[in-house]
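# Geometric and topological summary
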Amino acid sequence: MMRPRPDLTVHAREIAPFLLGSLLTSRVGGIPVTVRITEVEAYGGVGEDPGSHAFRRETPRNATMFGPPGRAYVYFTYGMHWCLNVVTGPTGSAGAVLLRAGEVVAGVDAARERRVSARSDRDLARGPACLTSALGVTGECDGLNLLGTRSLLRLVLAEPVEVEHVGVTARTGVGGQGAGTPWRFFLLGEPSVSPYRRAAR
DNA sequence: CGGCCGATCCACT
DNA sequence: GTGGATCGGCCGA
């Protein structure tokens with residue numbers, strides 16, 4: 001049995017597994033696409049987590065992380081990809097949970113149009129940049145309130161998943177200091193969970 | 001399935 | 001100037 005779900009003001013590593021199974025709906029582009037979250041990673045705040053964008057200090061890019069919990073922190077990476085986080089912890093603590101993968105449960109056709117290269121439906125939102133692509137999420141979504149009833153991007157939390165269905169590993173793509181922290185959580189047996197990749201040297 | 005590599009650009013040093 | 005919370009194509013097994 002998993003404990004009752006805390007709210008988003010607790011530390012990212014604590015709330016992260018409770019985001020598994022939640023439903024994220026995007027109305028970007030008009031046609032709603034909904035993803036059931038199957039994989040997440042927690043990131044900490046200033047001076048706490050070398051793998052986090054907020055590790056050093058607040059900057060223009062990571063400013064949203066320093067705002068209130070429940071907002072979308074969206075950033076651009078590798079010259080072409082967007083990634084989506086849920087800001088967590090007390091305001092100013094700069095924690096976040098990266099949404100890494102999900103199962104598209106509504107709007108499959110719209111998602112497929114954005115993810116032409118996806119071989120099968122399970123690949124539509126398999127990986128953090130695939131997930132944002134399937135949902136049409138870009139930097140314009142940075143700062144959106146995910147808990148707003150009529151938000152362009154809305155996150156609806158699910159009932160806690162049984163712990164025996166949750167896998168835990170170190171984070172993907174995070175090397176150096178902070179590589180060891182087991183802050184990646186995923187639903188066991190879900191085809192949409194991205195393959196684990198150790199960070200490149 | 002796993003490994004290698006290029007794409008492409010912005011934030012930060 | 002450097003390198004990244006990545007992906008997809010191509011290769012070999």
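Presented here is a report on the structure given in the accompanying data block. (Residues numbered from 1 in each chain as written. Chains lettered and ligands numbered in written order. Predicted model: local features only at pLDDT ≥ 70, side-chain atom pairs only at ≥ 80, totals over all residues. Heavy atoms only, no water.)

### Looking at helix α3 (residues 128-135)
To keep things clear, this is the line we draw: Three labels apply to residues, based on accessible area from a 1.4 Å probe with only protein chains included: buried if under 20% of the type maximum, exposed if over 50%, partly exposed otherwise in between. A run of H or I in DSSP becomes a helix once it reaches four residues, and a run of E becomes a strand once it reaches two; helices and strands are each numbered from the N terminus. Contact criterion: two residues are considered in contact whenever any of their non-hydrogen atoms come within 4.5 Å of each other.
For α3, the tally of buried residues reaches 6 of 8 residues, placing the bulk of the element in the interior. Close packing links the buried residues of α3 with β1 (23-26), β2 (33-43), β4 (81-88), β5 (95-106) and α2 (108-114). Two residues or fewer after α3 comes Gly-136, characterised by a positive phi angle close to 75°.

### Comments concerning the side chain of Thr-64
Tracing the sequence through the fold places Thr-64 in the loop between β2 and β3 (72-77). When its relative accessible area of 13% is taken as the criterion, Thr-64 is described as buried. With near-sequence residues (within four places) excluded, Thr-64 lies in contact with Arg-71, Ala-72, Tyr-73, Val-87, Asp-142 and Gly-143.

### Let's talk about the protein's contact with DNA strand B
Selection criterion: Near residues are defined by distance, with any heavy atom within 4 Å of the molecule or strand qualifying the residue. Pairs of N or O atoms within 3.5 Å make up the polar contacts considered here, provided that, within protein, one atom can donate a hydrogen while the other can accept it, and that residues adjacent in sequence are counted only when both atoms are side-chain atoms. Polar here means any residue outside two lists: the nonpolar Ala, Val, Leu, Ile, Met, Phe, Trp, Tyr, Cys and Pro, and the charged Asp, Glu, Lys and Arg; Gly therefore counts as polar.
By nearness alone, every residue bordering DNA strand B is listed as Arg-56, Arg-57, Thr-59, Pro-60, Arg-61, Phe-76, Tyr-78, Gly-79 and Met-80. At 3.4 Å, a side-chain N or O of Arg-56 approaches a phosphate oxygen of DNA strand B. Between Tyr-78 and DNA strand B, the recorded distance is 2.8 Å, taken from a backbone N or O atom to a base oxygen. Of the residues that constitute the surface near DNA strand B, the class distribution is 4 nonpolar, 2 polar and 3 charged.

### Some thoughts on the protein's contact with DNA strand C
In the neighbourhood of DNA strand C, 19 residues make up the surrounding shell, with Tyr-75, Tyr-78, His-81, Asn-85 and Arg-115 lying closest. Contacts to DNA strand C include His-53, whose side-chain N or O atom sits 3.0 Å from a phosphate oxygen. Here a phosphate oxygen of DNA strand C and a side-chain polar atom of Ser-117 are 3.1 Å apart. Elements with a contribution of two residues or more to the surface near DNA strand C: β4, β5 and α3. Examining the composition of the surface near DNA strand C, we find that 3 residues originate from one element, α3, more than from any other.

### Description of the packing of aromatic side chains
The condition that has to hold: Side-chain rings of Phe, Tyr and Trp, where Trp is taken by its six-membered ring, are said to pair if the distance between their centres is within 6.5 Å; with planes under 30 degrees apart they count as stacked, over 60 as edge-to-face, and otherwise as tilted. Put simply, a charge is over a ring when the Lys NZ or the Arg CZ is close to the ring centre, within 6 Å, and near the line of the ring normal, within 35 degrees.
Summed over all chains, the structure comprises 2 aromatic pairs. Positioned above the aromatic ring of Tyr-43, the side-chain terminus of Arg-171 is 4.5 Å from the ring centre.

### Digging into unusual backbone geometry
Phi angles above zero are rare outside glycine, and Tyr-78 is one such case at about 55°. Inspection of the secondary structure assignment puts Tyr-78 in the loop between β3 and β4. Overall, the relative accessible area of 71% leaves Tyr-78 in the exposed class.

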